[in-house]
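Coordinate inspection notes
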Amino acid sequence: MTDLRLEGVSKVYGETGTATDTVALEGIDIAVRDGEFFTLVGPSGCGKTTTLRTIAGFEETTEGTVRYDGREMAGVPPERRDIGVVFQSYALFPHMSIAENVGYGLQFREPPEGLSVDERVADLLELVDLEGMDDRSPEALSGGQQQRVALARALAPAPDLLLLDEPMSALDAQLRESLRRQLKRIQSELEITTVYVTHDQAEALAISDRLAVMNGGRVEQVGRPQEIYREPATRFVAEFVGDNNVFDGEVRSRDGEYAQVEIDGERFTLSASDGTDRLTFCVRPGALSQSVERNRLTVNVETSEFLGETVRVNGRWNGARIVLQLPEVPERDELTVGFDPDDAHVVGPH
Ligand code: ATP
């Protein structure tokens, strides 16, 4: 089992300091614990894949270090890093059977625990719920099944570290969900240290022990899903993870842990004990309710989406985008909602 550390990792493509260089990563510090399911999440181009490729050794860092269990990995090629990697495209060998695909990596590395190749392959196919599929060819499998074969192949040599780059993005929503549950079960059964890349924040929250939210080549916040969701550290995290309503205001007065904050001439009371005069705070859609009498704001409704249990309402207040989560589709195009001071979360000065 392995812990993984990235310290001050930067990556520049092209020649540093020239007009054509691209700074893909800047000062990445991440510590993944032994046995942890750790996710890198962020929008397209934020550096997730580059981080994963740097961990795998497909890319050298421009600055900083990558350590497996304290061992510095600079100069160690991917094939000597004891890792299993799964990419978005299944990349199975089309001319080989499923069993041959899974056993592929065992030509170069002995199966663990004194098992024969056949025994190891059978164990892996059982683990990914594909028993009896040994002789099929990859093209006779669905996308989800093919991705499970790719996972079995990556796991066959019992690597210390499992690295997954958007492994489900080619699958439809239902399949993603079932594969996500399987992956989570397999990962916790094997207790293998795992780094998972996705741009899907809901998937990241659902699957991870902890996650790093990335933006523009930097890490904005690392935390457990609940922390990231409830206590976003920056405006970017607040907006990227879920449908937060983010506001900028001026502090007019303070009373203990509460502050009076003014936004465009209107006053709001928030739980905010830090000392800045200007602050950014967020309120989750579900915390804005017609039945709360404090901190009222009148929202112009633009669209409503029926989601089954709830209705997601998009609107505007003073020009700012507002998202509400209501029990019913609103009948009027203007709605007044309020929020409790304790439901506002300060994300930092702006
Ligand atoms: P996506 O979700 O779209 O895959 P990502 O978060 O994985 O995005 P990266 O692929 O890591 O992002 O890219 C980070 C930045 O580095 C981007 O600006 C990208 O254009 C750039 N980049 C990535 N690979 C190279 C390369 N080989 N040469 C030059 N620039 C690159």
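Residues numbered from 1 in each chain as written. Predicted model: local features only at pLDDT ≥ 70, side-chain atom pairs only at ≥ 80, totals over all residues.

Rules: UniProt positions are given in the numbering used here, feature names are shortened, and annotations may be inferred rather than shown by experiment.
The name that an unreviewed UniProt entry assigns to the chain is Molybdate/tungstate import ATP-binding protein WtpC, with the source organism given as Natrinema zhouii. Recorded under Function (unreviewed entry), the UniProt text for the chain is reproduced unchanged: "Part of the ABC transporter complex WtpABC involved in molybdate/tungstate import. Responsible for energy coupling to the transport system."

1. Some words on the sheet that holds strand E12 (residues 258-263)
Selection rule: Any two strands with at least two DSSP bridges between them are considered paired. Each helix is a run of DSSP H or I of at least 4 residues and each strand a run of E of at least 2, with the numbering of both proceeding from the N terminus. Angles run from 0 to 180 degrees between N-to-C directions of axes, and those axes are lines fitted to C-alpha atoms, restricted for helices to the stretch in contact.
What the five strands build is an open sheet, ordered E13-E12-E11-E14-E19; its pairing is antiparallel. What marks the edges here is a single partner per strand, and that holds for strand E13 (266-271) and strand E19 (344-348). Across the sheet, the axes of successive neighbouring strands diverge by a mean angle of 45°, strand direction being ignored. Sheet topology note: the E12/E13 ladder contains six bridges and is antiparallel. In the strand pairing of E13, Gln260 is matched with Thr269.

2. With respect to the pairing of strand E6 (residues 83-86)
The line we're drawing: The burial criterion counts other C-beta atoms lying within 10 Å of a residue's C-beta, which is placed from the backbone; the residue is buried at 20 or more, exposed at 12 or fewer, and partly exposed between these limits.
Residues of E6 alternate between two faces, with Ile83 and Val85 on one and Gly84 and Val86 on the opposite face, all of them buried. With four bridges joining them, E6 and strand E7 (residues 161-165) adopt parallel strand pairing. The partner of Ile83 across the bridge, within E7, is Leu161.

3. Side note on the site of the ligand
The following threshold applies: By convention here, the C-beta atom is placed from the backbone, and a residue is near a molecule or strand when that atom is within 6 Å of it. Just so you know the grouping, Ala, Val, Leu, Ile, Met, Phe, Trp, Tyr, Cys and Pro go in nonpolar, Asp, Glu, Lys and Arg go in charged, and all remaining residues, Gly too, go in polar.
The full set of residues close to the ligand is Tyr13, Thr22, Ala24, Gly42, Ser44, Gly45, Cys46, Gly47, Lys48, Thr49, Thr50 and His199. The set of elements that each furnish at least two residues to the shell around the ligand consists of strand E2 (22-32) and helix H1 (48-56). Residue contributions to the shell around the ligand peak at three residues, all from H1. Its residues assigned to classes, the shell around the ligand shows three nonpolar, eight polar and one charged.

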